[in-house]
Every structure is written in C-alpha cells, then in structure tokens.
Amino acid sequence: MSGSCGLMCDRCPAAARCGRTPNFCLRGRCGDCADPLLRMDVRQAVIDHLGGLDLAWRRPVRHPQPADLPDHLPVLVQAYADAVDVPWVALHGGRVFGAAGRGITPKHRLPLGDAYRLGTHTKIALELYVEDRVLEGLWSSRRAIIRELPALGFDLILAPNFSVWRDHSRFEQLVQQRRAFAFYHELVEAGLPAVPDVGWSLFEPDGRLWAEWINGQPDLRAVSIFCGGRKIHAERRALRETVEDIALFHRAVRPEVTFILGGVHAPERLVMLRRAAPGRRLVVCNGMAYGCAQRRRVLGQAPSPVARSARECFLLNCSHNDRVYAEILRAQEVGDAV
C-alpha cells in the first residue's frame, strides 16, 4: 500500500469493513470532487443511510421457504398470442419495472397469469439480473415498489443483483453488497417470497462474510448468484474466476443451501459449475429458451424448413433445456456429466 493510500485509509469511515485493501480508491485523487465518493463526508453519509456496510440486520427476520424449485427457471420477456403452459417462468425485471426501474408498469398491474397468458398451474418468479440503470431506479423507489409487490402474487423473487465490479473502488463494492443485503431484508419484512442475491469481487473477505452470514441463518434455504454479465464475458479469465469462486463458496456454505445461478447458458459451463459444487442443489435461471425462440431457433435441432411460431420454439427450447440441465445437475459423478 502506498503512503497516499495509507493516509486515505486512515480517514476513511469504511476502513474497518474494507480491511484497508483499497481498490481504485485514489482514482482522480482524493481532492477531486468530480467523484463525490472520494469525499470522506459523503462516504460517511452513505454509510449512515445504509445502516452500515456489514452483513447484519437491525431486526431478526424469518426467511421465506421457496416453493419446490425446478432445475430450470426459463425467463419470459413478453407474452405470446397463445397460452404458455410450463411449470415455471421467470419474468424479467426490466419489463416489470420498466427501463428506468421507477415503478411497476401498467401491464403488470393485471393478473400476471392473464397478462402473460400462462397456464393455470404455472408458477411465476421475478428475476432481477438486470441493467444497472434499472437497479438504480429500483433502489430509489424501492419502498413504494415493495409496498405494491405483494399484490402481484409472485411465487419467488430473486432479489436485485447489484453489480460488484472488480474495477470499481473498494468502497463502491461494499456499498453494492450492503444494498443487496438491505433490499433483500426489506422484501422479506414485507412478507415477500424472496431469495437473497450474493455477490463479491474479493472472496476474501467478502465471499467468506456472505458464507458466514448464510451459515448463521438456519432457515435460509436458497441464495441467488449471478455468474455472467456483459462487462466480464469478454475477459478470458472471467469463467475461470467464476468457477473458482463457486467452488470456494460451495465449500464455505452449509450443504443444504440451494444455489440459483443466473447468467449460465452453455451446458459446458454448467458442467464446470456442477463439478465445482458437487452434491449441491443447483438451479439455472436464464433467458436462453426465449432468446433463441425470438430468432425461431430450436435448441438441439438442425434448422428446419418447417415454419414455427416463436411460442412453439420457446416451448421446445424449454423442454430441451429442462432435459439437458437435469442430466447435468443429476450426475452423481463428474464422469457422468454430459
């Protein structure tokens, strides 16, 4: 640590939680007010607003027990002309709350099963692996939104995935983790069937602290972990680091906790994550079935001269992914994975 970093740490109200391991904390120099988070008074105000930066909540909560989860939660972005009768769908938060995330859009104030033409028995999740712009709007409007969410009747809510980027300052990383933690608890206190989203850039200490918190919550049965993102997919090391992080987290977290993995599409990547967390219950949430259906592509099949609707392609793709993911996730030995 350079002398200038050390001086900044001495003045920073986040130093104890940070561990005095600053990351880009001197970007633009401390006196440059272009980034208000470089000012110590602003940092203190943010910490006060969040109720701290640690993983401790001011009141005890009872964690929801999620419904029986499938291997595959297919994301559905918009309705088709005809009914879609599948066991589960996950609605995209960018559609539910709009591009700015400021509130529930008019379409979603209708009964969700009717709005998306879903089967009578289809369970509905809300996934919030969404753009940062949506997340910022959600955060600023969260109290009003959370008050309205119970009326929508979701069976499962994956709490917002606030981005923890490795090239952001250490303080920003801590703020994002605390916001994810706080948002989850506010959802739970409103009686919503939420699952916490956990994210970190440094497994030591942040991933370890998440694991310790989870292990201290005996009724917590599932967590959400985003394993992708536009900003890291282009980096060659991203997949390797993701697999390493999942392996470390798997070893640190008690075995009965389910990992819901977002951003995993290719079966080959799921095989790697299965090997990283042997015996762990894993659930895959992605938009692959829908995205390919919009291009009239059917997974696992050669291009066909037969015209198919996007809805038919979606149903075929859901069925294909259900089967492929089940084969991978049920493999008892690494050699059995396909």
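Residues numbered from 1 in each chain as written. Predicted model: local features only at pLDDT ≥ 70, side-chain atom pairs only at ≥ 80, totals over all residues. Heavy atoms only, no water.

Visitor: Whenever I open this one, the overall build of the protein chain confuses me. Can you help?
Guide: Per the secondary structure count, the protein chain includes 14 helices and eight strands. Relative to its full complement of 338 residues, the protein chain shows a buried share of 54%. Long-range pairs, those at least 24 residues apart, make up 74% of the contacts in the protein chain between residues at least 6 apart in sequence. For the protein chain, the exposed area adds up to about 15700 Å²; of that, 53% sits on carbon and sulfur atoms. (Helix = DSSP H or I, 4+ residues; strand = E, 2+ residues; numbered from the N terminus. Buried < 20%, exposed > 50% of the residue type's maximum accessible area, 1.4 Å probe, protein only. Contact = heavy atoms within 4.5 Å. Areas by Shrake-Rupley, 256 points an atom, 1.4 Å probe, with all protein chains shown as cover.)

Visitor: Can you walk me through the packing of helix H12 (residues 267–276) against helix H14 (residues 310–330) in this structure?
Guide: When two helices pack together, their arrangement is given by the angle between their axes and by how far apart the axes lie. Contact geometry for H12 and H14: axes closest at 9 Å, N-to-C directions at 25°. Taken together, the axis directions place H12 and H14 in an arrangement best described as roughly parallel. As H12 runs across H14, the sense of the crossing is right-handed. The residues of H14 that touch H12, namely those facing Pro267, Leu270, Val271 and Arg274, are Val324, Tyr325, Ile328 and Leu329. Here the contact of H12 with H14 is built from residues that sort into seven nonpolar, no polar and one charged. (Axes fitted to C-alpha atoms, helices over the stretch in contact; angles between N-to-C directions. Parallel < 35°, antiparallel > 145°, perpendicular 65-115°, else oblique. Left-handed = near helix turned anticlockwise from the far one by under 90°. Nonpolar A, V, L, I, M, F, W, Y, C, P; charged D, E, K, R; others polar.)

Visitor: Hey, could you run me through the packing of aromatic side chains in this one?
Guide: Both the distance between ring centres and the angle between the ring planes are used here to describe each pair of aromatic rings. Counted according to the given criterion, the structure contains 15 aromatic pairs. Between Trp210 and Trp213, the aromatic rings sit 6.0 Å apart at their centres with planes inclined by 75°, giving edge-to-face as the arrangement. In this pair, Trp210 and Trp213 are both assigned in helix H9 (residues 203–215), three residues apart and thus about one turn of the helix distant. Side by side, Trp210 and Trp213 carry an identical accessibility label, which is buried. By the ring-pair criterion, three or more aromatic residues cluster together here, those being Trp57, Phe181, Tyr184, Trp210 and Trp213. The ring of Trp139 has Arg142 sitting right over it, with the charged end atom 3.7 Å from the ring centre. Taking the ring centre of Trp139 as reference, the NZ or CZ of Arg179 above it sits at 5.3 Å. (Phe/Tyr/Trp six-rings, centres within 6.5 Å; stacked < 30°, edge-to-face > 60°. Lys NZ or Arg CZ within 6 Å of the ring centre and 35° of its normal.)

Visitor: For this particular structure, what's the right way to read the pattern of salt bridges?
Guide: Pairs may arise between side chains of opposite charge once their charged atoms sit close together. Throughout the structure, instances matching the rule amount to 13 salt bridges. As a salt-bridge pair, Asp71 and Arg281 come within 3.1 Å of each other at their nearest N and O atoms. One end of the pair, Asp71, is in the loop between helix H3 (40–50) and strand S1 (72–76); the other, Arg281, is in the loop between H12 and strand S8 (282–286), and 210 residues separate them in sequence. Where Glu186 meets Arg142, a salt bridge forms, and the shortest distance between an N and an O atom there is 2.9 Å. Taken together, the positions of Glu186 in helix H8 (residues 170–189) and Arg142 in helix H7 (residues 142–148) put the pair 44 residues apart, joining distant regions of the chain. Each member of the pair Glu186 and Arg142 is classed as buried. (Salt bridge = Lys/Arg side-chain N within 4 Å of Asp/Glu carboxyl O.)

Visitor: How do you make sense of the packing of H8 against H9 when you look at a structure like this?
Guide: Packing of H8 against H9 brings their axes to within 12 Å, and their N-to-C directions diverge by 20°. Viewed along their axes, H8 and H9 adopt a mutual orientation that is roughly parallel. In this structure, H8 meets H9 at a crossing whose hand is right-handed. In contact with Arg170, Leu174, Gln177, Phe181, Tyr184 and His185 of H8, H9 contributes Pro205, Asp206, Trp210 and Trp213.

Visitor: What is the right way to read the side chain of Asp71 from this model?
Guide: Look at Asp71 and you get buried, because its relative accessible area is 12%. Among the polar contacts listed, one links the side chain of Asp71 to the side chain of Arg281, at a separation of 3.1 Å. A distance of 2.9 Å separates a polar atom in the side chain of Asp71 from a polar atom in the side chain of Arg330. Once residues lying within four places of it in the same chain are set aside, the contact partners of Asp71 are Arg281, Leu282, Val283, Val284, Ala326, Leu329 and Arg330. (Polar contact = N/O pair within 3.5 Å; in protein donor to acceptor, adjacent residues only side chain to side chain.)

Visitor: Whenever I open this one, the sheet that holds strand S6 (residues 222–226) confuses me. Can you help?
Guide: Within a beta sheet, neighbouring strands are joined by backbone hydrogen bonds and run either parallel or antiparallel to one another. The strand order across the open sheet formed by eight strands is S5-S4-S3-S2-S1-S8-S7-S6, and the pairing between neighbours is parallel. The two strands at the open ends of the sheet, each matched to only one other strand, are strand S5 (194–195) and S6. As paired elements, strand S4 (residues 156–158) and S5 share two bridges and run parallel to each other. Each residue of the ladder has a partner; that of Ile157, found in S5, is Ala194. (Pairing = 2+ DSSP bridges.)

Visitor: What is the right way to read unusual backbone geometry from this model?
Guide: Excluding glycine, residues mostly have negative phi values, and the peptide bonds linking residues are mostly trans. Put simply, Glu204 and Pro205 share a cis peptide bond, and its omega is 10°. A positive phi is found at Arg117, a non-glycine position, where the angle reads about 50°. Within the secondary structure, Arg117 is located in the loop between helix H5 (112–115) and strand S3 (123–127). With a phi angle near 55°, Arg296 is a residue other than glycine that sits in the positive phi range. Tracing the backbone shows Arg296 in the loop between helix H13 (288–294) and H14.

Read these as geometric descriptors, not functional statements.
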